[in-house]
Amino acid sequence: MAKKTKSTDNVLAQNKKARHDYTILETYEAGLVLTGTEIKSVRNGRINLKDGFARVRQGEVWLENVHISPYEQGNQFNVDPLRNRKLLLQKKEIKKLLEATKGTGITLVPLRVYLKHGFAKLLLGVAKGKHSYDKRETLKRRDQDRELQRVMKNR
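Rules and cut-offs
Residues numbered from 1 in each chain as written. Predicted model: local features only at pLDDT ≥ 70, side-chain atom pairs only at ≥ 80, totals over all residues. Heavy atoms only, no water. Salt bridge = Lys/Arg side-chain N within 4 Å of Asp/Glu carboxyl O. Helix = DSSP H or I, 4+ residues; strand = E, 2+ residues; numbered from the N terminus. Buried < 20%, exposed > 50% of the residue type's maximum accessible area, 1.4 Å probe, protein only.

Enquirer: Help me out: how do you make sense of the pattern of salt bridges in this one?
Expert: Evaluated as defined, the whole model comprises eleven salt bridges. Ionic pairing is found between arginine 83 and glutamate 38, a salt bridge with its closest N-O pair at 2.7 Å. Here the residue arginine 83 occupies a position in the loop between β6 (67-68) and β7 (85-88), and glutamate 38 occupies one in helix α2 (residues 36-43), the gap between them amounting to 45 residues. A relative accessible area of 4% places glutamate 38 in the buried class. Glutamate 147 is the salt-bridge partner of arginine 150, the closest N and O atoms lying 2.9 Å from each other. Of this pair, arginine 150 and glutamate 147 both sit in helix α4 (residues 132-154), three residues apart, which is roughly one turn of that helix. In this structure, a network of salt bridges that share partners links the residues Glu38, Arg83 and Arg85.

Take a look at the structure:
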């Protein structure tokens, strides 16, 4: 049996648009601080990372603008779907993130949420925004690679 990697291990949500809009420079694995009903919604895959970002404030990393739908059976225990959520990282990693985001055009983007040993983890990317011509170049290169694979397969 093949060993599961962290990128394919129980992926609950992915931000596919992030790789299109940004060049990912580095990635970090962070834990999420969630309430009981939030983790149940996350396990059901009811999380949207599309417009999310992270910010370092007062020595802590906060995940903002990520929508976790309210749990259907949660009644009064449900919290605001767009509330800010704390990310769990080591102090060394937080310092690196703080230094990295000081540069212009650098941001922290959530790439995927997955379960690891029963805990929800977030893959956080240090990203630099792409220009429209960079995006076109990436699409062009991907199409060329796909065509090359098609030709190699036919031979």
